Structures are given as C-alpha cells and as structure tokens.
Amino acid sequence: DERLTGCSQRIIGVGGSALGPQLLVSALRTPEGLTVHFLDNLDPRSVHDLIDHLKDCLESTLLIVSSKSGNTVETRQLTQEVFRLFQQAGHKPAARAVAITQPGSALSEKAQTEKWLGTFPIWEWVGGRFSCTSAVGLLTAGLAGADITSILLGAREMDQWTRQEDPALNPAARIAALWYSLGQGKGNRNWVVIPYSDRLALLGKALQQVFMESLGKGRTRKGEVTQQGVTVYGNKGS
C-alpha cells in the first residue's frame, strides 16, 4: 500500500504480543524493511523518549496495536498515551493505526468506531505467547522485510515433525522424555539456552516466557499436588 511507503512502525503490546514479534524482527529483518520500535512496558520515560526520537517523522509512522482480548490494561493505557502524544503534536493517530485483535473484541470495536486503517484477526484459541506465526508476529516481521511465507512453511514442517507417533522420530517427545528422566519425574530440571548469534539474543527470553509462564503444572492428571515446570536460563553466548 502506497500509504506505508517510507514508514517506520511502532508496536504497542505487552508480554506475548510483543516478545514474539521482537524475536522475529531481530532475527529476520532485512535492510529493505521498515524500522521497528517496540513499546511493551508502562515506563513513561520510554514512551516519551521514543515519541521525541520520532518527532520529525510521526506523520509517516504506522502504529500497530496488538491485544487479543482488547482488554489488556497495560496495552490500552500505552495506546491512549501514544495517541495523546500524536494529537498533541498535531497528528491524527487513528489515520496511522492498525489493530491485531480477536474479532468482536473491545479493540476491534474501537478501531472500527474511530476508523483506523485496518484490523487483523487473531483467533481465540491462539495464546499471546504462542502467537508468533499469527498476524501478531507475521505482520510485523513482514513489514521489517522478513519472508513470512518461509516462516509459515517452516512452522508447518515443524508441526508435522512433532506429530510423529513414533517417539524416536519425534523431537518434542524425545526432549520431554529426557527432561522427565533427568528431572526424576518431579520437575527438578533447568534448561540453559545460549544462542551464539547476535540476532537470536532474544531467544532465551522468548523461551523463558513460553515455558515458565505457560507450561508449569501444579497438579498431576490424578489431581495430586506437584509443583513442577522447566526453569529456563540463558543469554547470548560469546
């Protein structure tokens, strides 16, 4: 779309709506792509510093607001503050904004009422932390120059690979068995992730979020109390 030519873009999202896209952009951006800035925390200093940094190009900045439910308080407050700063600078933020959200959500209705540029859907069954291959991750990555078709094909290949019924041929089953064995079946396990590519520096953080916030369990299938999960450590290697 010619309206996006020469734009920078800003992502407003918290948690799963931000870290996944950050990882994709960091790993797969190209020189031909748009410059991406992320707002993923209610730190007023960061918000105002970024707006000040972009003050001469706000008119050519695309705002992407990502929230599945549309009710995430932090995302809503960040959006209100950024819109206020845009208006204060004499710009119409709705004319530069798109939403990524569940159809029918509060954010979807807001975007329609205020006539934002557009809305991209994310389905109810997609958790924010697992949304890299939904519009949440792909829209941003594509605008940053990444080949989103290749991303989807790779995700499809991995999905098929991890559905193999033979555990010996299924990498997910094999690593689960390894963790179960080394953790003595009680969750006594840690995972150290050390990527040696600068572009993958965020991989450890993304895995920390997926594993430590989403995959821990408090009870067994029999209802017995068992506080267990994978603790992920890691940073960029050198």
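Up top is the structure.
Residues numbered from 1 in each chain as written. Predicted model: local features only at pLDDT ≥ 70, side-chain atom pairs only at ≥ 80, totals over all residues. Heavy atoms only, no water.

S.K.: How should I be thinking about the overall build of the chain in this particular structure?
M.R.: If you tally the helices and strands in the chain, you get eight helices and nine strands. The burial tally for the chain puts 37% of its 238 residues in the buried class. The contacts in the chain between residues at least 6 apart in sequence include a share of 65% that link residues at least 24 apart. For the chain, the accessible surface area stands at approximately 14000 Å², while carbon and sulfur atoms represent 52% of it. Side-chain charges in the chain split into 25 positive and 22 negative, and the spacing between the mean points of these groups amounts to 6 Å. (Helix = DSSP H or I, 4+ residues; strand = E, 2+ residues; numbered from the N terminus. Buried < 20%, exposed > 50% of the residue type's maximum accessible area, 1.4 Å probe, protein only. Contact = heavy atoms within 4.5 Å. Areas by Shrake-Rupley, 256 points an atom, 1.4 Å probe, with all protein chains shown as cover. Lys, Arg positive; Asp, Glu negative; His and termini not counted. Charge placed at Lys NZ, Arg CZ, Asp CG, Glu CD.)

S.K.: In this structure, what is going on with the pattern of salt bridges? I would like to understand it.
M.R.: Any two side chains of opposite charge can pair, on the condition that their charged atoms come close. Applying the stated criterion across every chain, the model contains six salt bridges. The partner of Arg84 in a salt bridge is Glu81, with the nearest N and O atoms 2.8 Å apart. One end of the pair is Arg84 and the other is Glu81, both in helix α3 (residues 73–88) and three residues apart, which spans about a single turn. In this structure Arg84 comes out as partly exposed when scored by relative accessible area, which is 36%. The exposure class assigned to Glu81 is partly exposed, which follows from its relative accessible area of 23%. Residues Glu114 and Lys110 are paired through a salt bridge, measuring 2.8 Å at the closest nitrogen-oxygen approach. Owing to a relative accessible area of 30%, Lys110 belongs among the partly exposed residues under this scheme. (Salt bridge = Lys/Arg side-chain N within 4 Å of Asp/Glu carboxyl O.)

S.K.: Looking at this model, I keep getting lost on the packing of aromatic side chains. Mind explaining?
M.R.: Aromatic ring pairs: the centre-centre distance and the angle between the two ring planes describe each pair. All chains considered together, the criterion is met by four aromatic pairs. Each ring, one from Phe83 and one from Trp116, has its centre 5.4 Å from the other, and the planes form 45 degrees; the classification is tilted. Taken together, the residues span a long stretch of sequence, with Phe83 in helix α3 and Trp116 in the loop between α4 (106–113) and β5 (118–121) at a distance of 33 residues. As far as burial versus exposure is concerned, Phe83 and Trp116 are alike and both buried. Plain terms: the ring middles of Trp179 and Phe211 are 5.7 Å apart, the flat faces sit at 80 degrees to each other, and that makes the pair edge-to-face. Residue Trp179 is found in helix α7 (residues 171–182), and its partner Phe211 is found in helix α8 (residues 203–214); the two are separated by 32 residues along the sequence. (Phe/Tyr/Trp six-rings, centres within 6.5 Å; stacked < 30°, edge-to-face > 60°.)

S.K.: How should the packing of helix α5 (residues 135–143) against helix α6 (residues 148–161) be read in this particular structure?
M.R.: Two numbers describe a pair of packed helices, the interaxial angle and the distance between the axes. Direction vectors running N to C along α5 and α6 enclose 140 degrees, while the axes themselves pass 9 Å from each other. Seen from α5, the contacting residues are Leu138, Ala141 and Gly142; seen from α6, they are Ile148, Ile151 and Leu152. Of the residues in the contact of α5 with α6, the class split is five nonpolar, one polar and no charged. (Axes fitted to C-alpha atoms, helices over the stretch in contact; angles between N-to-C directions. Nonpolar A, V, L, I, M, F, W, Y, C, P; charged D, E, K, R; others polar.)

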